[in-house]
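Chain by chain, the residues run as shown.
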Amino acid sequence: FLRCTGHRSPTVVFEGGLTHDWYDLQNQVAPLTRVCSYDHPNGPWSRSEHAPTPRTARDFVADLHTLLRVARVPGPYVLAGHSNGGLFTQLYASTYPRQVAGLVLIDAVHPAYHKRTLAMFKSLVPPDVWEALRQEAMAVPHRLRDPERVDIWTSERQTRKALRRSPLRPMPLVVLTRGHPDVPGPFVEQEERLWLQLQRELAQLVPGSRHVITQSGHNIQDEQPELVLDAIRDVVLAVRAGDLVPH
């Protein structure tokens, strides 16, 4: 299922984590440029056909690439990815560099997030607890927890390898980062410190990027949609002007 609205170039493409309703945001972007959103296979309330699980970042990238080609959605693309979707957009931009002209990463998953989170916990918890955390991090979640059954451990490894082989080319990039955790926990301070460091590293993927720390939790597009709209507008206008830095 694909919904495209608006006209002009570049085309903004929303990429969600768990299937997210981009309807209102898409309607606000449409007067500026062409904008598309689609339903992941297997997602809650998805209108797309089901696909075999578990799924990896490569599967999502292959799906989106095929969808845009078959639907004849013209590039270049500005990819706006949230959470896991931000990880997938990084892999897409590395895999198809000539198609992607700009990125907006919305509290996006870093390609080493789980790996470095586990490394952090190793010194904080007993060995048996750490081993349980390791097994949970590497396991594909049950469909009741994640209907898309994303193999995030493999997805992050795929993206790390791709970025080493083909780093992102210079392009307008805005990184939006949550300002507080959604759920308190025993090690939330350490986790949030690591998350912020990883977000800073995402902002270093290309020179001249902009990093914005918001007042929101993880779902910035719901809590502060105006920040997402501003980031998309700035990246679109930079692409049109031939600038590599969003203003």
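These notes cover the structure that comes with them. Worth saying up front: this structure is predicted, and the values here are computed from it rather than measured. (Residues numbered from 1 in each chain as written. Predicted model: local features only at pLDDT ≥ 70, side-chain atom pairs only at ≥ 80, totals over all residues. Heavy atoms only, no water.)

### Observations regarding the state of the cysteines
Test applied: Cysteine sulfur atoms that pair up within 2.5 Å are treated as a disulfide. Only DSSP runs of H or I with at least four residues qualify as helices, and only runs of E with at least two residues qualify as strands; both kinds are numbered from the N terminus onward. Residue burial is assigned from relative accessible area. The probe radius is 1.4 Å, only protein chains are included, and a residue is buried under 20% of its type maximum, exposed over 50%, and partly exposed in between.
Throughout the structure, instances matching the rule amount to one disulfide. A sulfur-sulfur separation of 2.1 Å characterises the disulfide bridge that pairs Cys-4 with Cys-36. Taking the torsion about the sulfur-sulfur bond, which here is approximately 110°, the covalent link between Cys-4 and Cys-36 counts as right-handed. Of the two residues, Cys-4 sits in strand E1 (residues 2-5) while Cys-36 sits in strand E3 (residues 35-38), which places them 32 residues apart along the sequence. Cys-36 gets classed as buried once you look at its relative accessible area, which sits at 0%.

### What to know about the packing of aromatic side chains
The geometry of an aromatic ring pair is captured by two quantities: the separation of the ring centres and the angle between the planes. Cut-off, in case you're wondering: Pairing of aromatic rings covers Phe, Tyr and Trp, the last counted by its six-membered ring, and requires centre-to-centre distances within 6.5 Å; plane angles under 30 degrees mean stacked, over 60 mean edge-to-face, and any other angle means tilted. Here, a charge over a ring means that NZ of Lys or CZ of Arg falls within 6 Å of the ring centre while also lying within 35 degrees of the ring normal.
Counting across every chain of the model gives five aromatic pairs. Geometrically, the ring pair formed by Phe-14 and Trp-22 is stacked, given 4.5 Å between the ring centres and 5° between the ring planes. Seen in terms of ring centroids, Tyr-92 and Tyr-96 are 5.1 Å apart; in terms of plane orientation they differ by 50°. Their pairing is tilted. Take Tyr-92: its relative accessible area is 1%, and that puts it in the buried class. Its end group placed over the ring of Trp-130, Lys-122 keeps NZ or CZ at 4.7 Å from the ring centre. The aromatic ring of Trp-195 is capped on one face by Arg-178, whose charged end is 4.2 Å from the ring centroid.

### Focus: the pairing of strand E7 (residues 210-213)
Basically, it comes down to this: One requirement defines pairing of two strands: DSSP has to find at least two bridges between them. Orienting the strands away from the viewer, one traces the path from the first strand over the helix to the second; a clockwise path indicates a right-handed crossover.
Summarising the sheet, strand E6 (residues 173-177) and E7 pair through four bridges and their orientation is parallel. The residue of E7 that forms the bridge with Val-174 is Arg-210. A crossover links E6 with its parallel partner E7, the connecting element being helix H7 (residues 188-203), and its sense is right-handed.

### Thoughts on the sheet that holds strand E2 (residues 11-15)
Spelled out, the test is: Geometry is summarised by axes, namely lines fitted to C-alpha atoms with helices restricted to the contacting stretch, and by angles between N-to-C directions that run from 0 to 180 degrees. Contacts: residue pairs with any heavy atoms within 4.5 Å of one another.
Sheet architecture is open: seven strands sit in the order E1-E3-E2-E4-E5-E6-E7, paired in mixed fashion. The two strands at the open ends of the sheet, each matched to only one other strand, are E1 and E7. Neighbour-to-neighbour, the strand axes of the sheet open up by a mean angle of 15°, direction not taken into account. Along the sheet, helix H3 (residues 84-95) makes contact with E2, strand E4 (77-82) and strand E5 (100-106), crossing E4 at roughly 150°. Contacting E2, E4, E5, E6 and E7, helix H9 (residues 225-241) runs over the sheet at an angle of about 165° to E5.

### A look at unusual backbone geometry
Here Ser-9 and Pro-10 are connected by a cis peptide whose omega angle stands at 0°. Along the polypeptide, Pro-10 turns up in the loop between E1 and E2. Residue Gly-75 is joined to Pro-76 through a cis peptide bond whose omega torsion reads 0°. Among the secondary structure elements, Pro-76 is positioned in the loop between helix H2 (57-70) and E4. For Ser-83, which is not glycine, the phi dihedral falls at a positive 60°. On the secondary structure map, Ser-83 appears in the loop between E4 and H3.

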